[in-house]
Amino acid sequence: YAHKRRGSVAMDAAGILPKYRGRAVHDFWKSYFDYDCDHALCNAHLLRELTFLWEEQAQQWAKEMTDHLLAIKEEVATAGAAGLTALPPADQERLLKGYERIVKAGYAENPPAPPHGPKRRGRRKQSKARNLLDRFRDHPDGILAFMRDFAVPFDNNRSERDLRMMKLRQKISGTFRSFQALENFCRIRGYVSTARKNRVNALDALRRVFLGTPFVPT
């Protein structure tokens, strides 16, 4: 969807998230939490941040959390292949305890910085490690949603792939000559993407538009 602004103003204008009551998988951008739906956090984004902390700052908890999340993903894949739709409750409890243990170890590895300078209003600035730890502490349900419901993906890479065509178009053809052209491009790409996700052939979906019977997902 094309809009001249970002954040809630643009998403409200798009008209999807204000009415959405499923589970949105996203990258923890604050604006997404304004909507009354269930939330899941993209673990690909989290893994990138964990990798940075491990490779650049030698944060041991970050390496352990990376391994833990990937191990859960593997268990989910195995259980899904066996026909399950969620990990058994006992396994969920075991994995959650391991998750909480790593978060606790992370806080021990990153104690709060002692105050310095004049006292200021508001929240004190924290390190990247502390900020990420707060996210893991406060959002275990969203981060681990994929093990409780296999319909929830591990990441939001599908959305990222949808956006890739826009970047490819910019790279090859540059900017649009009018905002209307941009809106049209986004509407076409959105329609084709939705058709493919519903296993409808893209060319057939476009043909149906010109026949006056466009594909509309149920």
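Keep in mind that this is a model prediction, so the values were computed, not measured.

*Asks:* Go over the environment of Ala81 with me, naming the residues and quoting the values.
*Replies:* Looking at where Ala81 falls in the secondary structure, it is placed in helix α3 (residues 60-81). Residues Ala81 and Asn131, spaced 50 residues apart in sequence, show a C-alpha to C-alpha distance of 36 Å.

*Asks:* Let's hear about the packing of helix α8 (residues 157-173) against helix α9 (residues 179-197): which residues, and what values?
*Replies:* One way to put it is that α8 packs onto α9 with a least axis distance of 11 Å and a crossing angle of 145°. In the crossing of α8 with α9, the sense of the turn from one axis to the other is right-handed. Residues Arg158, Asp162, Met165, Met166 and Arg169 of α8 form the contact with α9, whose participating residues are Leu182, Phe185, Cys186, Arg189, Ser193 and Lys197. Taken together, the residues of the contact of α8 with α9 break down into 5 nonpolar, 1 polar and 5 charged.

*Asks:* With reference to specific residues and values, describe the packing of aromatic side chains.
*Replies:* Each aromatic ring pair is characterised by the separation of its centres together with the angle its planes make. Taken as a whole and judged by the stated rule, the model has 6 aromatic pairs. Measuring from ring centre to ring centre gives 5.6 Å for Trp29 and Tyr32, while their planes differ by 80°; the resulting arrangement is edge-to-face. Judged by its relative accessible area of 30%, Trp29 is partly exposed. Accessibility expressed as a relative area gives 24% for Tyr32, which makes it partly exposed.

*Asks:* An account of a nonpolar patch on the surface is requested, with residue identities and associated values reported.
*Replies:* Taken together, Met165, Leu168 and Ile172 make up a surface patch of nonpolar side chains, about 280 Å² in accessible area. Here Met165 lies in helix α8. The class for Met165 is partly exposed, based on a relative accessible area of 31%.

*Asks:* An account of α8 is needed here, citing residue identities and associated values.
*Replies:* For α8, built from 17 residues, the straight-helix expectation of 24 Å at 1.5 Å per residue is met to within 8% by its first-to-last C-alpha distance of 24 Å. Approximately 25° is the largest bend angle found in α8, and it occurs at Leu163. Phi turns positive one or two residues past the end of α8, at Gly174, with a value near 80°.

*Asks:* Would you mind going over the state of the cysteines in detail, with residue names and values included?
*Replies:* By definition, a disulfide links the sulfur atoms of two cysteine residues through a covalent bond. Throughout the structure, instances matching the rule amount to 0 disulfides. Residue Cys37 stays outside any disulfide, its sulfur separated by 15 Å from that of Cys42, the closest cysteine. Judged by relative accessible area, which is 11%, Cys37 ranks as buried. Of the residues examined, Cys42 reaches a relative accessible area of 1% and is grouped as buried.

*Asks:* Go over the side chain of Arg135 with me, naming the residues and quoting the values.
*Replies:* Along the chain, the position of Arg135 falls in helix α5 (residues 128-138). Since its relative accessible area comes to 14%, Arg135 is described here as buried. When sequence neighbours within four positions are dropped, the list of residues in contact with Arg135 reads Phe28, Leu41, Leu46, Glu49 and Ile143.

*Asks:* Would you mind going over α5 in detail, with residue names and values included?
*Replies:* Note: α-helices contain 3.6 residues per turn, so residues at a spacing of three or four share the same orientation. Inspection of α5 places Ala129, Arg130, Leu132, Leu133, Asp134, Arg135 and Phe136 among the buried residues, and these make up the whole buried set. Against β2 (38-41), α2 (43-57), α3, α4 (89-109) and α6 (140-143) lie the buried residues of α5.

*Asks:* Run through the pattern of salt bridges, naming residues and quoting values.
*Replies:* Tallied over the entire structure, the rule returns 9 salt bridges. The closest approach of N and O atoms between Arg94 and Glu75, which form a salt bridge, is 3.1 Å. Here the residue Arg94 occupies a position in helix α4, and Glu75 occupies one in helix α3, the gap between them amounting to 19 residues. Overall, Glu75 belongs to the partly exposed group, its relative accessible area being 25%. Linking Arg94 and Asp91 is a salt bridge whose minimum nitrogen-to-oxygen distance equals 3.3 Å. Of this pair, Arg94 and Asp91 are both found in helix α4, 3 residues apart, which corresponds to roughly one turn of the helix. The exposure class of Asp91 is partly exposed, given its relative accessible area of 24%. Through salt bridges with shared partners, one network takes in Glu75, Asp91 and Arg94.

Each value, and the rule that gives it
Residues numbered from 1 in each chain as written. Predicted model: local features only at pLDDT ≥ 70, side-chain atom pairs only at ≥ 80, totals over all residues. Heavy atoms only, no water. Helix = DSSP H or I, 4+ residues; strand = E, 2+ residues; numbered from the N terminus. Axes fitted to C-alpha atoms, helices over the stretch in contact; angles between N-to-C directions. Left-handed = near helix turned anticlockwise from the far one by under 90°. Contact = heavy atoms within 4.5 Å. Nonpolar A, V, L, I, M, F, W, Y, C, P; charged D, E, K, R; others polar. Phe/Tyr/Trp six-rings, centres within 6.5 Å; stacked < 30°, edge-to-face > 60°. Buried < 20%, exposed > 50% of the residue type's maximum accessible area, 1.4 Å probe, protein only. Patch = residues over 30% accessible without salt bridge, like charges linked within 9 Å, V, L, I, M, F, W, Y side chains within 5 Å. Areas by Shrake-Rupley, 256 points an atom, 1.4 Å probe, with all protein chains shown as cover. Salt bridge = Lys/Arg side-chain N within 4 Å of Asp/Glu carboxyl O. Expected span 1.5 Å × (residues − 1). Bend = angle between axes of the 7 residues up to and from the residue. Disulfide = S-S within 2.5 Å.

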